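Listed here are the chains, written in short residue letters.
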Amino acid sequence: MPLVIALAWRNLWRQRRRSLVTAGAVGLVVLLSVAYFALGGAAENGLYQTLTERGGHVIVTAPGADDATRFEATLVEDADAAIATVRREADATLAAPLVLPTLDVPALLSGERRSRGVAIHGQPWPDPARERRLDDATLEGRFLEGDDEIVLGAALARALDVAIGDEVVAYAPGGAGYGVAAYALVGTVDLADPGAEIAAAWTTLAATQQLAAPGAVQRIEVHGTSLRRIADDDVSAALAATLGAALPDLRVEDWRTANPSTQQLLNALDPLLFAVSVLFFVLAGLLMLNTVYLSVMERIHEFGVLHALGAGDRRVLAMVATESVLLAVVGAAVGTAGGLAFVAAYADGFRIPGLASYYASFGLDPVFYLSIDPGQVAFAVGFAVLTAVLAAAWPATIAARIEPVEAMRFQA
Amino acid sequence: MTAEPLYRVRDLRKSYRVGEVTTSALSGVDLDVAAGEFTAVAGPSGSGKSTLLHLMGVLDHGDAGEVWLRGERIDRLPRGAAARLRLARIGFVFQAYNLIPVLSALENAAFVLELRGEDRAAREAKARDALARLDMAAYADRRPNQLSGGQRQRVAIARAIAADPAIVLADEPTANLDSRAGADLIDLMRRLNEEEDVTFVFSTHDPRLLDRVDRIVRLEDGRVVDDGTDATDAPASQATP
Ligand SMILES: Nc1ncnc2c1ncn2[C@@H]1O[C@H](COP(=O)(O)OP(=O)(O)OP(=O)(O)O)[C@@H](O)[C@H]1O
Ligand SMILES: [Mg+2]
């Protein structure tokens, strides 16, 4: 070991309790930062999962569907070819893709006595993400099994004054379909969101097509069901680009471009995480400053001797800085190990106790996936070292400028 | 003209101001030290012994006068140059606490060489040799707090001579030792002086040590009252030129 390092190490060891407390503080700050970044990553991943489960990783729609006023303008007509293309490209790019063509038809739903206007949602089933909230507690009756069946939100069923087994008639005139259909109500769903519950009417894609637009869809969603972390998702954008080229008449977006406000939120989140982390380090830095300052003041005479022997100012400066950096490096090493152990322990996902069913009732994935990238670890360690250098700057300057004669006078 | 002395001090003055009071520590000191001499600076407390050694060791600046080392004027050197000169030419031994507590005797003895950038093997060899010359080879791995006061001072001398300086300046090296250890230390320095030609200037106020030296410079109130040259080989009547 070089003498400079050995000297610094032994000097730290002289005040081992103080050094341990300080290194411990640095370690704690690094650990907290790593854990905090990982939780921030989990929050980002949670957002990502919610978005992609609800809307898909890649979404194909009719151009101009967003501000269309007529139902027909929202349609992708004769969609079979487009769906086949999407399926082919998705299979080539993603591990376990789920391709979901959907068609929502605005219709008047009627029971025996009452009616209500809703958008009937049609898509092929099963769809694990949308069906997550359907369990014994929330689903009464059963889920869809045929094209002449319908599942309603419990509030909507009450509004129509219909019960399971009753007939529900849908009127959607003006389209290319039959314009009218009768469904058997097979199930009702309790949703946590009342607004969603009063508007929920689910049937099959074939049913909504027959009702209003044979052969057409509004959206073709591609769900990469194995994608859990933003960091792992290097495929959505690429798939969107490929599909965009293959389907020039349609609009193809990935989840980012389809949700610009979320994109902004994600962009704002990282600086926020860093800012809070910087605050941690400022606090640890003050403790380091105190430690280094005390250890310089206690050794004024010793530094005087070093100067007298001919040690240059820079050498003395470096000695003090080395002690400080060593302290931080030891603390940061322990903190990083602890932080990464925490991330590793929960990398396969964790549930917040008690909140899992609450999350599920909103259709959200109750499992959080911690996520940290090497840059964030490097940031935490680098910042610990930078903090040490800054904390040492002033005391080290004091030590470097000591007048040997003055310092000698300190002797008892 | 005689050969250039190792040290030439001329009309050196230094005073300290504390508040309104000005104390004159040195009021015009003249002194020559030749290479190979073994010189004691004696005098009562406050007579200026430490101040003189500090100025000779470029640890501090005087107010007036000149200090020459081997024909080079050193009393006005800026901080960095003074440090480099001390590192290259001057060995120091102080009254107390002059070893680095976290280093072993060997590492302390090697420290000046380390500051000079010598590689590990070379500096350890020289440091071991220096410790051996002070009968301290057996204590190479001890930390200062595991050594007696006399042993610590020997390590300090080993550190000074390991770097082979032009002179060793020692300010009251025996002050913290009992008289027996003090006398032993001076004897060791004397032996290094006689056998290896190391030049020493040390200060002391212990009169019992003075019969072991061949030149005594006596200071009183910041002036040299007897510069010791006539006590040895010069006629009693000779005046300072
Ligand atoms: N930093 C200082 N500030 C004020 N006065 C000082 C300072 N250093 C020395 N003096 C004064 O200068 C004079 C000479 O001091 P110096 O330390 O050189 O004496 P000394 O001969 O070494 O004494 P001692 O035998 O007690 O060590 C004394 O009067 C002392 O009080
Ligand atoms: Mg003194």
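Criteria and thresholds
- Residues numbered from 1 in each chain as written.
- Chains lettered and ligands numbered in written order.
- Predicted model: local features only at pLDDT ≥ 70, side-chain atom pairs only at ≥ 80, totals over all residues.
- Heavy atoms only, no water.
- Near = heavy atom within 4 Å.
- Polar contact = N/O pair within 3.5 Å; in protein donor to acceptor, adjacent residues only side chain to side chain.
- Areas by Shrake-Rupley, 256 points an atom, 1.4 Å probe, with all protein chains shown as cover.
- Helix = DSSP H or I, 4+ residues; strand = E, 2+ residues; numbered from the N terminus.
- Nonpolar A, V, L, I, M, F, W, Y, C, P; charged D, E, K, R; others polar.
- Pairing = 2+ DSSP bridges.
- Contact = heavy atoms within 4.5 Å.
- Axes fitted to C-alpha atoms, helices over the stretch in contact; angles between N-to-C directions.
- Buried area = accessible area lost by both parts, 1.4 Å probe.
- Salt bridge = Lys/Arg side-chain N within 4 Å of Asp/Glu carboxyl O.
- Buried < 20%, exposed > 50% of the residue type's maximum accessible area, 1.4 Å probe, protein only.
- Parallel < 35°, antiparallel > 145°, perpendicular 65-115°, else oblique.
- Left-handed = near helix turned anticlockwise from the far one by under 90°.
- Domains from an automatic or database assignment.
- Expected span 1.5 Å × (residues − 1).

1. Section: the site of ligand 1
Piece 1. The full set close to ligand 1 counts 15 residues, and S45(B), G46(B), K49(B), S50(B) and T51(B) are the nearest of them.
Piece 2. Mapping the residues near ligand 1 onto chains gives chains A and B.
Piece 3. One nitrogen or oxygen atom from the main chain of G46(B) is found 2.9 Å from an oxygen atom belonging to ligand 1.
Piece 4. Take T51(B): an N or O atom from its side chain is 2.5 Å from an oxygen atom of ligand 1.
Piece 5. Considered on its own, ligand 1 offers 630 Å² of accessible surface; in the complex 73% of this is hidden by protein.
Piece 6. Considering each element in turn, the shell around ligand 1 owes the most residues, three residues, to helix α1 (residues 49–56) of chain B.
Piece 7. A per-class count over the shell around ligand 1 returns four nonpolar, eight polar and three charged.

2. Considering the sheet that holds strand β4 (residues 64–69) of chain B
All names here are of chain B.
Piece 1. Across the sheet, four strands lie side by side as β2-β1-β4-β5; this open sheet has antiparallel pairing. Each of the sheet's edge strands pairs with one partner strand only, and the pair in question is β2 (21–33) and β5 (72–73).
Piece 2. Pairing analysis gives five bridges linking strand β1 (residues 7–18) to β4, with the strands arranged antiparallel. Following the sheet pairing, R10 is matched in β4 by E66.
Piece 3. Taken strand by strand, α1 contacts β1, β2 and β4, and its axis lies near 60 degrees from that of β2.

3. Some thoughts on the interface of chain A and chain B
Piece 1. Each side of the interface is counted separately: chain A has 27 residues, and chain B has 28 residues.
Piece 2. Summing both sides of the interface, chain A and chain B together bury roughly 2400 Å²; the carbon and sulfur share of this comes to 60%.
Piece 3. A salt bridge links D313(A) to R79(B), with the shortest nitrogen-to-oxygen separation between them at 2.9 Å.
Piece 4. For the pair chain A and chain B, the interface holds nine residue pairs in polar contact (both at pLDDT 80 or more).
Piece 5. Listed by contribution, the elements that provide at least two residues to the side of chain A that touches chain B are α1 (3–14), α11 (300–309), α12 (313–345) and α15 (404–408) of chain A.
Piece 6. The element that contributes the greatest number of residues to the side of chain A that touches chain B is α11(A), accounting for seven residues.
Piece 7. Class assignment for the residues of the side of chain A that touches chain B results in 14 nonpolar, five polar and eight charged.

4. A word on the pattern of salt bridges
All names here are of chain A.
Piece 1. Inspection of every chain in the model, using the stated rule, returns 36 salt bridges over all chains.
Piece 2. Note that D66 is salt-bridged to R251, the shortest N-O span being 3.1 Å. One end of the pair, D66, is in the loop between β1 (58–61) and α3 (80–93); the other, R251, is in strand β10 (residues 251–254), with 185 residues separating them in the sequence.
Piece 3. Across the pair D161 and R113 runs a salt bridge whose closest N-O atoms are separated by 2.9 Å. Of the two residues, D161 sits in the loop between α5 (154–160) and β6 (167–171) while R113 sits in the loop between β2 (97–110) and β3 (115–122), which places them 48 residues apart along the sequence.
Piece 4. R113 sits in the exposed class, given a relative accessible area of 62%.

5. Describing unusual backbone geometry
Piece 1. A cis amide bond links W125(A) to the next residue, P126(A), at an omega of 5 degrees.
Piece 2. Position of P126(A) among the secondary structure elements: in the loop between β3 and α4 (128–131).
Piece 3. Located in the positive-phi region is D78(A), a residue other than glycine, with phi close to 45 degrees.
Piece 4. Topologically, D78(A) is positioned in the loop between β1 and α3.
Piece 5. In this structure, E172(B) takes a positive phi of about 50 degrees despite not being glycine.
Piece 6. Among the secondary structure elements, E172(B) is positioned in the loop between β7 (167–171) and α7 (179–196).
Piece 7. Taking relative accessible area as the criterion, E172(B) reaches 10% and is therefore assigned buried.

6. Overview of the pairing of strand β7 (residues 180–189) of chain A
Residues and elements named next belong to chain A.
Piece 1. The buried count for β7 comes to seven of ten residues, which makes it a mostly enclosed element.
Piece 2. Where strand β4 (residues 139–141) and β7 come together, three bridges link them in antiparallel fashion. Each bridged residue has a counterpart across the sheet, and for G141 the counterpart in β7 is G187.
Piece 3. Direction of pairing for strand β5 (residues 149–153) relative to β7: parallel, over a ladder of five bridges.

7. Overview of the environment of I352(A)
All names here are of chain A.
Piece 1. Its place among the elements puts I352 in the loop between β11 (350–351) and α13 (356–361).
Piece 2. We classify I352 as partly exposed; its relative accessible area is 29%.
Piece 3. For the pair formed by I352 and E323, sequence separation is 29 residues and the distance between their alpha carbons is 41 Å.

8. As for the packing of helix α5 (residues 120–133) of chain B against helix α6 (residues 149–162) of chain B
Residues and elements named next belong to chain B.
Piece 1. Viewed as axis vectors pointing N to C, α5 and α6 meet at an angle of 130 degrees, and their least axial separation amounts to 8 Å. In terms of axis orientation, α5 runs oblique to α6. Helix-helix and strand crossings are classified by hand; for α5 and α6 the assignment is right-handed. Each of K126, A127, A130, L131 and R133 in α5 lies in contact with α6, whose residues at this interface are V155, A158, I161 and A162.
Piece 2. Taken together, the residues of the contact of α5 with α6 sort by class into seven nonpolar, no polar and two charged.

9. Concerning the domain arrangement of chain A
Piece 1. Examined at the domain level, chain A breaks down into domain 1 (2–49 + 264–409) and domain 2 (58–226).
Piece 2. Using C-alpha coordinates to define each centre, domain 1 of chain A is positioned 54 Å away from domain 2 of chain A.

10. A closer look at α7(B)
Residues and elements named next belong to chain B.
Piece 1. Its 18 residues give α7 an end-to-end C-alpha distance of 25 Å, which sits within 8% of 26 Å, the value for a rise of 1.5 Å per residue.
Piece 2. Along α7, the residues that are buried comprise G182, A183, L185, I186, L188, M189, R190, L192 and N193.
Piece 3. Next to the buried residues of α7 lie β3 (38–42), α5, α6 and β8 (200–204).
Piece 4. Taken from the residues just after α7, D197 is the one with a positive phi, measuring 65 degrees.

11. Let's talk about the sheet that holds β3(B)
What holds strands together in a sheet is hydrogen bonding between their backbones, with the strands either parallel or antiparallel.
Residues and elements named next belong to chain B.
Piece 1. Strand order across the open sheet formed by six strands is β6-β7-β8-β3-β9-β10, with mixed pairing between neighbours. Every other strand in the sheet has two partners, leaving β6 (90–93) and β10 (223–226) as the edge strands with one partner each. Across the sheet, the axes of successive neighbouring strands diverge by a mean angle of 25 degrees, strand direction being ignored.
Piece 2. Where β6 lies against β7, four bridges are found, and the strand directions are parallel. If you follow V93 over to β7, its bridge partner there is A170.

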